[in-house]
Amino acid sequence: MAKWVYLFSEGNANMRELLGGKGANLAEMTSLGLPVPQGFTITTEACTQYYEDGREINDEIQGQINEYIVKMEEITGKKFGDQENPLLVSVRSGARASMPGMMDTILNLGLNETVVNVIAEKSGNARWAWDCYRRFIQMYSDVVMEVGKKYFEELIDKMKADRGVQQDVDLTADDLKAVFCDELIAQELDETNAYIPIPEEIVDFYKMYRPSPLVRAYCLEKKLQTPAKIYYKFEGNNTSGSHKLNSAIAQAYYAKKQGLKGVTTETGAGQWGTALSMACSYFGLDCQVYMVKVSYEQKPFRREVMRTYGAKVTPSPSTTTEVGKKILAEHPGTTGSLGCAISEAVEAESRQEGYRYVLGSVLNQVLLHQTVIGLETKAALEKYDIVPDIIIGCAGGGSNLGGLISPFAGEMLRGEHDYQIIAVEPASCPSLTRGVFAYDFCDTGKVCPLAKMYTLGSGFIPSANHAGGLRYHGMSPVVSQLYHDGIIEARSVEQTSVFEAAEQFARVEGILPAPESSHAIRVAIDEALKCKETGEEKTIVFGLTGTGYFDMVAYEKFNNGEMTDYIPTDEDLKPGFDGIPKFPGNEF
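These figures come from a predicted structure and were not determined experimentally.

Calculation rules
Residues numbered from 1 in each chain as written. Predicted model: local features only at pLDDT ≥ 70, side-chain atom pairs only at ≥ 80, totals over all residues. Heavy atoms only, no water. Helix = DSSP H or I, 4+ residues; strand = E, 2+ residues; numbered from the N terminus. Contact = heavy atoms within 4.5 Å. Axes fitted to C-alpha atoms, helices over the stretch in contact; angles between N-to-C directions. Parallel < 35°, antiparallel > 145°, perpendicular 65-115°, else oblique. Nonpolar A, V, L, I, M, F, W, Y, C, P; charged D, E, K, R; others polar. Phe/Tyr/Trp six-rings, centres within 6.5 Å; stacked < 30°, edge-to-face > 60°. Buried < 20%, exposed > 50% of the residue type's maximum accessible area, 1.4 Å probe, protein only. Lys NZ or Arg CZ within 6 Å of the ring centre and 35° of its normal. Salt bridge = Lys/Arg side-chain N within 4 Å of Asp/Glu carboxyl O. Core = buried A, V, L, I, M, F, W, Y, C linked by side-chain atoms within 4.5 Å. Pairing = 2+ DSSP bridges. Left-handed = near helix turned anticlockwise from the far one by under 90°.

(A) View of the environment of Val508. Along the polypeptide, Val508 turns up in helix α21 (residues 495-509). Spatially, the C-alpha atoms of Val508 and Asn560 are 21 Å apart, while their sequence positions differ by 52 residues. Contacts of Val508, omitting those with residues within four sequence positions, involve Cys219, Leu220 and Lys223.

See below:
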């Protein structure tokens, strides 16, 4: 087996061809007993092999790198990611001959949202720790991902202007921290714990409306004359009228616990904004909501519920933020999108001390809070020895779907059971069925981090006639990965067929469903009718995410025959795809 990696103590100055100029010199200084921080060099031959293997690090080289990382941990007495004594490493390229214009060093590899707090505590200098982390992200993005420094400098310059300071050193630790609450960041990045305990304060709140009912749709089955058994998990039995309250109360709790004054957020159809305004009222927090303009205008009663709970509601895009002004200048008359509203909410948070931004979908932390839906569903089914064949959920950003399917998808991943899981999205905003799997911005203003997801491009704005919610340009990274790996499937449906299914359901089951939920109803009915044709007695479970009593403008258009279907053409989608960041490894 070839040797691809050498400790500094294993080389000398004569090994320049193998270790490169820097590696050989570091090895020589180490052999002379100079106080050189210990490290290792990946050989020039490994670099050549990397290119011969089509820009892939082969298993043998990667195995040796991993082995030498462990050796470094043993030598230093530190470990990557350790919360007591974390190891930080600097990385630099080196050639056989020194050349001008070589790529920069990447300092502080090993820092993350958890470790930075450890470093801040041990050093007693939080501002320095967070600045180190900021510079690591900037260097990694520039050198490895080829996302230029200018984007980060623009953000820092904007923050300095907002804070009224001239120099980077004048920014405080709070200025340099992330836009999310500390505990939510920890949950977002947690890759160790399968279960995270629910704080007692949140459990007490849940008791007002949880567990939510799992209902058998006997009347719908009879109407369809199907042998299928249909169940729905109803999340509309709370004041917000949707599942969104499950995460809103958790995020508000952690914001209050951190001592914050308030939070900013976005909302599309209004369910998330309503839930968060209710949660913030409960904990005494200020709540500022940027609502997609078309929904702000179409759903005035949803807006007024938010205001009743004390929230400030602004139609997005607006003239109250710089990013809003920019979007309006580029797209005059736009009806907005969730991506626009996210950008404005993040900017608003950055300008107010004691505020953090919270998001109602997409993120891992949100799906974590929503798993209460799936866990309750699975427990109820098991109590009566019911095993579902098909599990269906509507998909916008992925919070409800991810929460509903998580326990079942876990069984599939562990090889314990097999289910048919269907994500249903609108044909006018088809991120899964027609999007690309790539790193993309989570917002239109491109101020949030990149996420690996199925996306239509952060600049995509749904058609103004889109009435059914689920209007986000991307999809939860967790849901995206499950779809990419073939664990779940996806379907897109036109909105007239969605509202047809909604009214069919309402007339026999006695619940007026939200347009978002009605996407799942549409496919549940379709699957039940297939069973009618085949005679199969399949068990179908779908998520009824909320009620539609504030969506009567959309129902009115459907009942008046004024609702139309819009399916974007490939040409319509192209500008969004063109705006997805281009860098090595992000091809699609």
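Let's pick the thread back up.
(B) View of the packing of helix α8 (residues 182-189) against helix α17 (residues 364-383). Two numbers describe how α8 lies on α17: the axes approach to 8 Å, and their chain directions differ by 85°. Here α8 is positioned roughly perpendicular relative to α17, judged by the angle of their axes. Between α8, through Leu184, Gln187 and Glu188, and α17, the contact on the second element is made entirely by Asn364, Gln365, Leu368 and His369. Taken together, the residues of the contact of α8 with α17 break down into two nonpolar, four polar and one charged.

(C) A look at the packing of aromatic side chains. Overall, the coordinates contain 18 aromatic pairs when judged by the stated rule. Judged by centre distance (6.0 Å) and plane angle (65°), the ring pair of Phe40 and Tyr68 falls under edge-to-face. Taken together, the residues span a long stretch of sequence, with Phe40 in strand β2 (residues 40-42) and Tyr68 in helix α3 (residues 59-76) at a distance of 28 residues. For Tyr68, a relative accessible area of 3% gives the class buried. An aromatic cluster is present here, built from Phe205, Tyr206, Tyr209, Tyr253, Tyr254, Tyr282 and Phe283 joined pairwise through their rings. Taking NZ or CZ as reference, Lys71 lies 4.2 Å from the ring centre of Tyr68, over its face. Over the ring of Phe437 we find Lys452; its NZ or CZ atom is 4.6 Å from the centre of that ring.

(D) Fine view of the pattern of salt bridges. Applying the stated criterion across every chain yields a total of 27 salt bridges. Here Glu304 makes a salt bridge to Arg303, at a shortest N to O gap of 3.2 Å. Looking at Glu304, the relative accessible area reads 29%, which means it is partly exposed. By relative accessible area, which is 17% here, Arg303 ends up buried. Here Arg307 and Glu304 are joined by a salt bridge, their closest N and O atoms 3.1 Å apart. Here Arg307 and its partner Glu304 are both found in helix α14 (residues 300-308), three residues apart, which amounts to about one turn of the helix. Here the salt bridges share partners, and the residues they tie into one network are Arg210, Lys233, Glu235 and Glu376.

(E) Spatial organisation of the nonpolar core. Among the nonpolar cores identified, the biggest contains 31 residues, and Leu245, Ala248, Ile249 and Leu276 are the most heavily contacted of them. Elements with a contribution of two residues or more to this core: α9 (200-206), α11 (245-257), α12 (271-283) and β8 (286-292). With eight residues, the single largest contributor to this core is α11. Here Ile249 is in contact with Ile202, Phe205, Tyr206, Ala279, Tyr282 and Phe283, once residues within four sequence places are set aside.

(F) The sheet that holds strand β15 (residues 489-493), seen in detail. Ordered by their spatial adjacency, six strands build an open sheet running β5-β6-β16-β11-β12-β15, and the pairing between neighbours is mixed. Edge positions in the sheet fall to β5 (214-216) and β15, since each has one partner strand and no second. Averaged over all pairs of adjacent strands, the angle between strand axes in this sheet comes to 25°, irrespective of strand direction. Direction of pairing for strand β11 (residues 390-394) relative to strand β12 (residues 420-426): parallel, over a ladder of five bridges. Note that in β12 the partner of Ile390 across the bridge is Gln420.

(G) Structural view of the pairing of strand β16 (residues 539-544). Summarising burial for β16: six of the six residues are buried, a large majority. Neither face of β16 is open: one carries Thr539, Val541 and Gly543, the other Ile540, Phe542 and Leu544, and all of them are buried. When strand β6 (residues 229-234) meets β16, the two strands line up parallel, connected through six bridges. Residue Tyr232 lies in a different strand from β16, and its bridge partner there is Phe542.

(H) Representation of the packing of α11 against α17 in the model. Two elements in contact, α11 and α17, have axes separated by 8 Å at closest approach and are oriented at 125°. Accordingly, the angle class assigned to the pair α11 and α17 is oblique. Handedness of the α11/α17 crossing: right-handed. Taken together, the residues of α17 that come into contact with α11 (itself represented by Asn246, Ser247, Ala250 and Gln251) are Gln365, Val366, His369, Gln370, Val372 and Ile373. When grouped by side-chain class, the residues that make up the contact of α11 with α17 number four nonpolar, six polar and no charged.

(I) Structural view of unusual backbone geometry. Between Arg210 and Pro211 the backbone carries a cis peptide bond, its omega angle lying at 0°. Tracing the sequence through the fold places Pro211 in the loop between α9 and β5. With omega at 5°, the peptide bond leading from Ser316 into Pro317 counts as cis. Position of Pro317 among the secondary structure elements: in the loop between β9 (312-316) and α15 (322-330). For Asn108, which is not a glycine, the phi torsion comes out positive at approximately 65°. Within the fold, Asn108 resides in strand β4 (residues 106-109). Not every positive phi belongs to a glycine, and Val362 is a case in point at roughly 70°.

(J) Inspection of the sheet that holds strand β7 (residues 262-267) at higher detail. Here four strands make up an open sheet; going across it, the order is β9-β8-β7-β10 and the pairing parallel. Where the open sheet ends on each side, the last strands, each with one partner, are β9 and β10 (355-357). Strand-to-strand twist in this sheet, taken as the mean axis angle between neighbours without regard to direction, amounts to 20°. Across six bridges, β7 lies against β8 in parallel orientation. Considered in β8, the bridge of Glu266 is made with Tyr290. On top of the sheet, α12 reaches β7 and β8; it is set at about 165° to β7, its chief contact.

Worth remembering: the numbers are spatial, not functional.
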